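Spelled out, the chains give:
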Amino acid sequence: MVSRLTNNALKKILEGGENPDKPILQILSTRKIPAQSSTSVDRWRLQISDGDSYQPCMVATQLNNKISSGEIEPYAIICLDKYVCNVIQGRKIIIIIQMSLVEAGSLVGGVIGSPASLDMKKVDGAPNATGRPPQQPSNSMMGGASAPPAMNRPGAAGSGAFYNSSATTVDPPKPYHMSSGGSSGSGYNSAPTQGGWGAKPSNPYGNRPVTSAISPNRDPHPISSLTPYQNKWTIRVRATSKPQVRNYSNSRGAGKLMSVEFVDKSGEIRATAFNEAADKFGPMIEADKVYFVSKARVKPANKQYSSVKNDYELFLQEESVIEEDTNSGTTDLPRLQFSFTPIDQLSALPKDTLVDVIGVCKTAADVVNITTKTSNRQVSKRDLELVDMTGTVVSMTLWGTEAEEFDGSSNPVLAVKGARLSDFGGCSMSVLNSSIMQVNPDIPDAFRLRGWFDNDGKTANTVSISGQRSSGGMSTSWLSTSQVRDLNLGHGDKPDYFSVKGFVSFFKKENCLYQACAKPECNKKVTESSMGYHCEKCNQTSPSFKWRLMLQSCIVDWSGSLWFTCFQDQAEVLLKRKADEIGELRDKPEQAAEYDQIFSDATFGEFTFRLRAKMEMYNDEQRLKVMCVEAIPVDHAQNAKRLIQEVQDLLART
């Protein structure tokens, strides 16, 4: 039995009056519009029918695979789950954003009803220009049947500007089929109201008039109605945080970047600006204030850098407009929206997933400075341990100013939006530049967590998914040197990380230094010539160089020994001297005794090492390569606390 179509659905949509709730329509024909450039994508144009009329429409690019795969074919019956109706150079065009297949075209087998062409003249009350039913599908389309109605082509009579390849100006669409949303309380963990796609959304901004100069005669659009197929809209939103303008450098050059999240009752969206636009809008936007935003570009969201629950994001340009809503009634908009994941579920999620987490800061390590591999610059980091009511502990890393200014002495509740998961040392998290962290937020989840921790959680037995913690922020499993071999570490697809406490029994001081490029960001070995010191990586010759350490050492503990390699920063910690000082002594024969004394004084120093183990090929043989990630002098008080905790954990499991 052929599915029933929604009568007069197309006319109702184009007239803009009653908007059908998920109308059922038929596909009469499909046509591919090739991409105009290498950076654009193909588009699809359909001829759709409600049994009474037929009309061309466009399909959102995210639905391309439904058509190219053959799921959506001529004669197929579909349901328009979500759509908008735009005016493109005087002609109303339906754009399908979401659709689902009701009945396959092969089962329908023909055109339903006798649909006539519906154009804007007929919608406006004038007689139909053609009034004739569409032709039957041709053999080329359905193997023996006649052709579906011919699509107007560029240059054809009556095709209109819609079919031209030139740029068009799109009038603001009515936000058809968008959930009106809803929020209660502060907006945390509150689900949108399910009003259905069929009804017109209620105004999520209240009934008061909009007095902003941006949009004096038009109500703002809800965030959920924004699509890349609109260019005239205004949204009224709350900024969830103060954006920070930061510098970046990559293979394409250097620049500035700013990002901020906006929220209204219908949803949330991320906005990004670069360079001049970042300098313009970064200082202007304040946390928790309400703004009118317009003239920004809507594009598909890059989920790698955003945990915002929206398929699109805003790209702010210099001509974009952001104006503060100075009206007193700004309490109608929700604040920052979280979607918390319990800590005990984090280990089941893939690496690099962006998550929202809330927990009590159980411990906070001291700030340490590390040198990044990519830019060779010093950055500050601080490792924390978060625990929630599941009794599970996870390690989380803060960076830069946030790490330096954080105070965890009072065990604050932390709510983090958009932390990135890592498999470093088990399961851990890192707070990114795009993440938002609130300390002791005024939300019900934080109150419940605080009550639990103060009453029971502080003394409760917990399980860590990040390994045990040592001083200095280490977050890996503790092993002896013999266990490293017994457990066959490093034989998996990923490297293994672990911590060892031991003494350095021997240094290979021969060939522990090399001459490197003088540039701060480059550590490539240089070759000496009559012109100076040449770096192949930078393809430059310099009159000077810098010394770099690559030191092979041996750790001993109660169970055995283990060889490892450490580079500049960790080698300087073990030797307690800078690489340049050691290099100057090595090249002076008269100071050879002082050079040897450096290594003698450093022998049998006691450290806590964080190590990385991975099997690598060397001369066609597999060898276990152990590298030192971090070396910290032993804090015996902290080490005793760790041992006591391990004993308590063992007793709790027996």
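Located above this text is the structure these notes cover.
Below or above, wherever it landed, is the structure these notes cover. (Residues numbered from 1 in each chain as written. Predicted model: local features only at pLDDT ≥ 70, side-chain atom pairs only at ≥ 80, totals over all residues. Heavy atoms only, no water.)

**A look at the nonpolar core**
Phase 1: The biggest cluster of nonpolar side chains holds 33 residues, and the ones touching the most others in it are Phe-498, Phe-564, Leu-574, Leu-575, Phe-609 and Leu-611.
Phase 2: At the level of secondary structure, the elements contributing two or more residues to this core comprise β25 (496–508), β30 (546–557), β31 (560–567), α10 (568–575), α11 (579–586), α12 (592–602), β32 (606–618) and β33 (621–633).
Phase 3: Ranked by size, the runner-up nonpolar core spans 31 residues in total, among them Ile-97, Ile-235, Ala-296 and Leu-314. (Core = buried A, V, L, I, M, F, W, Y, C linked by side-chain atoms within 4.5 Å. Buried < 20%, exposed > 50% of the residue type's maximum accessible area, 1.4 Å probe, protein only. Helix = DSSP H or I, 4+ residues; strand = E, 2+ residues; numbered from the N terminus.)

**Details of α10**
Phase 1: Of all eight residues making up α10, six are buried, and the element is well covered by its neighbours.
Phase 2: Inspection of α10 places Gln-568, Gln-570, Ala-571, Glu-572, Leu-574 and Leu-575 among the buried residues, and these make up the whole buried set.
Phase 3: Once α10 ends, the next one or two residues include Lys-576, with phi positive near 60 degrees.

**Quick word on the pattern of salt bridges**
Phase 1: Inspection of the entire model under this criterion finds 18 salt bridges.
Phase 2: For Glu-286, the salt bridge goes to Lys-242, with nearest N and O atoms at 3.5 Å. Pair noted here: Glu-286 is in the loop between α6 (275–281) and β11 (290–294) and Lys-242 is in the loop between β7 (234–239) and β8 (246–250), with a separation of 44 residues, a long-range link.
Phase 3: Given a relative accessible area of 32%, Glu-286 falls into the partly exposed group.
Phase 4: Salt bridges here are not isolated pairs; linked through shared partners, they connect Glu-268, Asp-356 and Lys-417. (Salt bridge = Lys/Arg side-chain N within 4 Å of Asp/Glu carboxyl O.)

**Looking at α12**
Phase 1: Inspection of α12 places Tyr-595, Ile-598, Phe-599 and Ala-602 among the buried residues, and these make up the whole buried set. Buried residues of α12, seen end-on, are gathered within an arc of 85 degrees and therefore sit on one face of the element. What points out from α12, more than 90 degrees from its buried face, is the exposed set Ala-593 and Asp-601. (Arc of directions from axis to C-beta.)

**Some points on the packing of aromatic side chains**
Phase 1: Enumeration over the complete set of coordinates arrives at ten aromatic pairs.
Phase 2: Both rings, one in Phe-545 and one in Trp-547, keep their centres 5.2 Å apart while their planes meet at 85 degrees; by these two values the pair is edge-to-face.
Phase 3: Taking the relative accessible area as the measure of exposure, Trp-547 reaches 7% and is therefore buried.
Phase 4: When the ring of Tyr-595 is compared with that of Phe-599, the centres are 5.2 Å apart and the planes differ by 65 degrees; the resulting orientation is edge-to-face. Separated by four residues within a single helix, Tyr-595 and Phe-599 lie in helix α12, roughly one turn from each other.
Phase 5: Every member of this aromatic cluster is reached through a ring pair, and the members are Phe-507, Tyr-595 and Phe-599.
Phase 6: We note Lys-508 situated over the ring of Trp-563; from NZ or CZ to the ring centre the distance is 5.1 Å.
Phase 7: Over the aromatic face of Trp-478 sits the side chain of Arg-642, whose NZ or CZ is 3.7 Å from the ring centroid. (Phe/Tyr/Trp six-rings, centres within 6.5 Å; stacked < 30°, edge-to-face > 60°. Lys NZ or Arg CZ within 6 Å of the ring centre and 35° of its normal.)

**Overview of the packing of α11 against α12**
Phase 1: Between α11 and α12, the least distance of the axes is 8 Å, while the angle of their chain directions is 140 degrees. Regarding the angle of α11 to α12, the classification is oblique. Contacts from Ile-582, Leu-585 and Arg-586 in α11 reach Glu-594, Tyr-595 and Ile-598 in α12.
Phase 2: For the contact of α11 with α12, the residue count by class is four nonpolar, no polar and two charged. (Axes fitted to C-alpha atoms, helices over the stretch in contact; angles between N-to-C directions. Parallel < 35°, antiparallel > 145°, perpendicular 65-115°, else oblique. Contact = heavy atoms within 4.5 Å. Nonpolar A, V, L, I, M, F, W, Y, C, P; charged D, E, K, R; others polar.)

**Observations regarding the sheet that holds strand β29 (residues 540–542)**
Phase 1: One open sheet holds the three strands; their spatial order is β27-β28-β29, and the pairing between them is antiparallel. The strands lining the two open edges of the sheet, one partner per strand, are β27 (527–529) and β29. Across the sheet, the mean angle separating the axes of adjacent strands is 35 degrees when strand polarity is ignored.
Phase 2: In terms of strand pairing, β27 meets strand β28 (residues 532–535) through three bridges, oriented antiparallel. Residue pairing for β28: Ser-529 is matched across the bridge by Gly-532. (Pairing = 2+ DSSP bridges.)

**Comments concerning the side chain of Ser-380**
Phase 1: If you trace the backbone, Ser-380 turns up in strand β17 (residues 378–387).
Phase 2: In this structure the side chain of Ser-380 is engaged in a polar contact, spanning 3.0 Å, whose partner is the side chain of Asn-369.
Phase 3: Sequence-distant contacts of Ser-380, defined by excluding residues within four places in its chain, comprise Val-367, Val-368, Asn-369, Leu-398, Trp-399, Gly-400, Ala-403 and Glu-404. (Polar contact = N/O pair within 3.5 Å; in protein donor to acceptor, adjacent residues only side chain to side chain.)

**Comments concerning the state of the cysteines**
Phase 1: Under the defined criterion, the tally for this structure stands at zero disulfides.
Phase 2: In this structure Cys-538 is not part of a disulfide, and its nearest cysteine sulfur, from Cys-522, lies 3.7 Å away.
Phase 3: Taking relative accessible area as the criterion, Cys-538 reaches 23% and is therefore assigned partly exposed.
Phase 4: Cys-628 supplies the cysteine sulfur nearest to Cys-566, a cysteine that is in no disulfide, at a spacing of 5.6 Å. (Disulfide = S-S within 2.5 Å.)

**Quick notes on the side chain of Asp-383**
Phase 1: Within the secondary structure, Asp-383 sits in strand β17.
Phase 2: Judged by its relative accessible area of 4%, Asp-383 falls in the buried class.

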